[in-house]
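# Descriptive analysis of the structure
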Amino acid sequence: VQLQASGGGLVQAGGSLRLSCAASGSMLRIVSMGWYRQAPGKQRELVAGFTIDGNENYADSVKGRFTISRDNAKNTVYLQMNSLRPEDTAVYYCKMDVLVSAFSASDYWGQGTQVTVSS
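What you see is a predicted model, and the numbers here were worked out from it, not measured in a lab.

Conventions adopted
- Residues numbered from 1 in each chain as written.
- Predicted model: local features only at pLDDT ≥ 70, side-chain atom pairs only at ≥ 80, totals over all residues.
- Heavy atoms only, no water.
- Helix = DSSP H or I, 4+ residues; strand = E, 2+ residues; numbered from the N terminus.
- Rg over C-alpha atoms; globule rule 2.2 N^0.38 Å.
- Buried < 20%, exposed > 50% of the residue type's maximum accessible area, 1.4 Å probe, protein only.
- Contact = heavy atoms within 4.5 Å.
- Lys, Arg positive; Asp, Glu negative; His and termini not counted.
- Charge placed at Lys NZ, Arg CZ, Asp CG, Glu CD.
- Pairing = 2+ DSSP bridges.
- Axes fitted to C-alpha atoms, helices over the stretch in contact; angles between N-to-C directions.
- Phe/Tyr/Trp six-rings, centres within 6.5 Å; stacked < 30°, edge-to-face > 60°.
- Lys NZ or Arg CZ within 6 Å of the ring centre and 35° of its normal.
- Salt bridge = Lys/Arg side-chain N within 4 Å of Asp/Glu carboxyl O.

A word on the overall build of the protein. Along its length, the protein carries zero helices and 11 strands. For 119 residues, the compact-globule formula gives about 14 Å, and the C-alpha radius of gyration of the protein, at 14 Å, lands near that figure. If you line up the protein on its principal axes, its C-alpha atoms span 50 × 25 × 25 Å. Counting across all 119 residues of the protein, residues that qualify as buried make up 40%. Within the protein, contacts between residues at least 6 apart in sequence are counted, and of these 54% link residues at least 24 apart. The average position of the 11 basic charges and that of the 9 acidic charges among the side chains of the protein differ by 3 Å.

Have a look at this one:
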């Protein structure tokens, strides 16, 4: 299973970006999906995700500004980021928990996409 993330870039504060992450390969079902980010010198943190029961959860710092969505038919998760702030600058990673067989599930990470917000 491979995850391909895209959509990062440079944007001014207040602007918007949309990230995409598509999964490919042999899999039975995607159990959960999420976006994480890691800023220089900081730990990787959860930004937004779908839990195993399908509920959405967001970091407090992005609530009301970011929206996670998915297209199950395309095995793709999206992150719409509005009202971006300089503190949102980070490398963004997608993560999926994938059921690869009836008895095996694994976590997969995308390669990371840089988001830079200028003030």
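Strand-to-strand pairing in sheets goes through backbone hydrogen bonds, with the strands running parallel or antiparallel. One open sheet holds the four strands; their spatial order is E1-E3-E8-E7, and the pairing between them is antiparallel. Looking at strand neighbours, the two that pair on one side only are strand E1 (2-6) and strand E7 (66-71), the edges of this open sheet. With direction set aside, neighbouring strand axes in the sheet form an average angle of 15°.

A separate point is the pairing of strand E10 (residues 104-109). Of the pairings in the sheet, the one linking strand E9 (residues 90-101) to E10 comprises six bridges and is antiparallel in character. What sits directly across from Val-98, in E10, is Ser-106. Linking E9 back to E10 in an antiparallel pair, the connection comprises two residues.

According to the stated counting rule, one finds two aromatic pairs in the structure shown. Here the aromatic rings of Tyr-93 and Trp-109 are separated by 6.4 Å at their centres, their planes lie at 80°, and the arrangement is edge-to-face. Of the two residues, Tyr-93 is situated in strand E9 and Trp-109 in strand E10; the sequence distance between them amounts to 16 residues. You can call Tyr-93 buried: its relative accessible area is 15%. Connected via pairs of aromatic rings, a cluster forms that spans Tyr-36, Tyr-93 and Trp-109. Sitting above the plane of the Tyr-78 ring, Arg-18 keeps its charged end 4.0 Å from the centroid.

In this section: the pattern of salt bridges. A side chain with one charge can pair with a side chain of the opposite charge if their charged atoms come near. Applying the stated criterion across every chain yields a total of six salt bridges. Residues Asp-88 and Arg-37 are paired through a salt bridge, measuring 3.0 Å at the closest nitrogen-oxygen approach. Note that Asp-88 is positioned in the loop between strand E8 (76-81) and E9 and Arg-37 in strand E4 (residues 29-38), a separation of 51 residues in sequence. Like Arg-37, Asp-88 is buried. Its salt-bridge partner being Lys-95, residue Asp-107 comes within 3.8 Å of it at the nearest N-O pair. Taken together, the positions of Asp-107 in strand E10 and Lys-95 in strand E9 put the pair 12 residues apart, joining distant regions of the chain. Linked by salt bridges that have partners in common, Arg-37, Glu-45, Arg-65 and Asp-88 make up one network.

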